[in-house]
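# Analysis of the macromolecular model
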Amino acid sequence: MTKDNRAIAQSFIDAIPHSHALGMQIDFVGDGEARMSMEYDERFIGDPATGVIHGGAVFALLDTCGGAAVISHPDHAGATATIDLRVDYMRPAAPGQRIRAIATCYNRTRSVAFVRAVALDDREDKPVATAAGAFVTGG
């Protein structure tokens, strides 16, 4: 049976209230990869002097995108939850720019899925942040 990855990922995001509050959107999902984005929103500014989005919003986008990558993996069945997520912030996201996340589920065991992710703004050559995480998996 083939999964409708986008519908599965959308239901995953719909179940997470902060995903809606942050305006997260699914751009692509399939076979263990997910791409999501979040428009710049002044409500999420972490530093009023610079207009930079708070790191917690970037973290939430990376975490949610990672979970969507796990759910879309061909061998996954059921729900997922974050076990561990390490985020390295490389630089502030440019004020006014959309933030995008790309996550890949690159390995899975019977009970754990491993994910790498990157957050980008319009400057593709220098990430805003990178992440590595472990998620509960089933099936």
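Residues numbered from 1 in each chain as written. Predicted model: local features only at pLDDT ≥ 70, side-chain atom pairs only at ≥ 80, totals over all residues. Heavy atoms only, no water.

## Focus on the overall build of the protein chain
Applied cut-off: The numbering of helices and of strands both runs from the N terminus, where a helix is a DSSP run of H or I of at least 4 residues and a strand a run of E of at least 2. Remark: exposure states derive from per-residue accessible area (1.4 Å probe, protein chains only) relative to the maximum for the residue type, with buried under 20%, exposed over 50%, and partly exposed in between.
Broken down by element type, the protein chain carries 3 helices and 8 strands. In sequence order, the secondary structure elements of the protein chain are arranged as α-α-β-β-β-β-α-β-β-β-β. By principal-axis analysis of the C-alpha atoms, the protein chain measures approximately 50 × 25 × 25 Å. Each of the 139 residues in the protein chain was classed as buried or not, and the buried ones make up 45%.

## Concerning the sheet that holds strand E5 (residues 81-89)
Applicable threshold: Strands are treated as partners if at least two bridges between them are detected by DSSP. For helices, the fitted line uses only the C-alpha atoms of the stretch in contact; every axis is such a line through C-alpha atoms, and the angle between N-to-C directions lies from 0 to 180 degrees.
Pairing is antiparallel in the open sheet, where 6 strands are placed in the order E1-E2-E6-E7-E8-E5. Here the strands that pair on one side only, and so sit at the sheet edges, are strand E1 (24-30) and E5. The average undirected angle you get between the axes of adjacent strands in this sheet is 20°. By the bridge criterion, 8 bridges tie strand E6 (residues 99-108) to strand E7 (residues 112-120) in an arrangement that is antiparallel. Considered in E7, the bridge of Thr104 is made with Arg116.

## Considerations on the pattern of salt bridges
In plain terms, the rule: The term salt bridge refers to a pairing of a side-chain nitrogen on Lys or Arg with a carboxyl oxygen on Asp or Glu at a separation within 4 Å.
Tallying each qualifying case throughout the model produces 7 salt bridges. Ionic pairing is found between Glu33 and Arg35, a salt bridge with its closest N-O pair at 2.8 Å. Judged by its relative accessible area of 23%, Glu33 falls in the partly exposed class. Among the residues examined, Arg35 registers a relative accessible area of 34% and is labelled partly exposed.

## Notes on the environment of Phe28
Tracing the backbone shows Phe28 in strand E1. With relative accessibility at 33%, the residue Phe28 sits in the partly exposed group. Phe28 sits 15 residues away from Arg43 along the chain, and the two C-alpha atoms are 26 Å apart.

## So, unusual backbone geometry
Notably, Asp31 is not glycine yet its phi reads approximately 50°, a positive angle. Position of Asp31 relative to the elements: it lies in the loop between E1 and strand E2 (33-38). Assessed through its relative accessible area of 60%, Asp31 is described here as exposed.

## Structural notes on the packing of aromatic side chains
To keep things clear, this is the line we draw: For Phe, Tyr and Trp, where Trp contributes only its six-membered ring, two rings pair if their centres lie within 6.5 Å, and the inter-plane angle classes them as stacked under 30 degrees, edge-to-face over 60, or tilted in between. Placement of a charge over a ring requires the Lys NZ or Arg CZ to be within 6 Å of the ring centre, with the centre-to-atom vector within 35 degrees of the ring normal.
Taken as a whole and assessed by the stated rule, the structure comprises 0 aromatic pairs. Over the ring of Phe28 we find Arg35, and its NZ or CZ is 4.5 Å from the ring centre. The lysine or arginine in question, Arg116, covers the ring of Tyr106, its NZ or CZ lying 3.7 Å from the ring centre.

## Points about helix H3 (residues 55-71)
Counted only if it meets this: What a helix is expected to span follows from its residue count: subtract one and scale by 1.5 Å.
The end-to-end C-alpha separation of H3 is 24 Å, in line with the 24 Å expected for 17 residues at 1.5 Å each. Across the 17 residues that make up H3, a large majority, 14, are buried.

## Let's talk about the pairing of strand E8 (residues 129-136)
In this sheet, E8 lies alongside E5 in antiparallel orientation, the contact comprising 8 bridges. Bridging from a neighbouring strand, Asp84 pairs with Ala134 of E8. Taken together, the 8 bridges between E7 and E8 define a ladder with antiparallel strand orientation. Residue pairing across strands places Val115 opposite Gly133, the latter belonging to E8.

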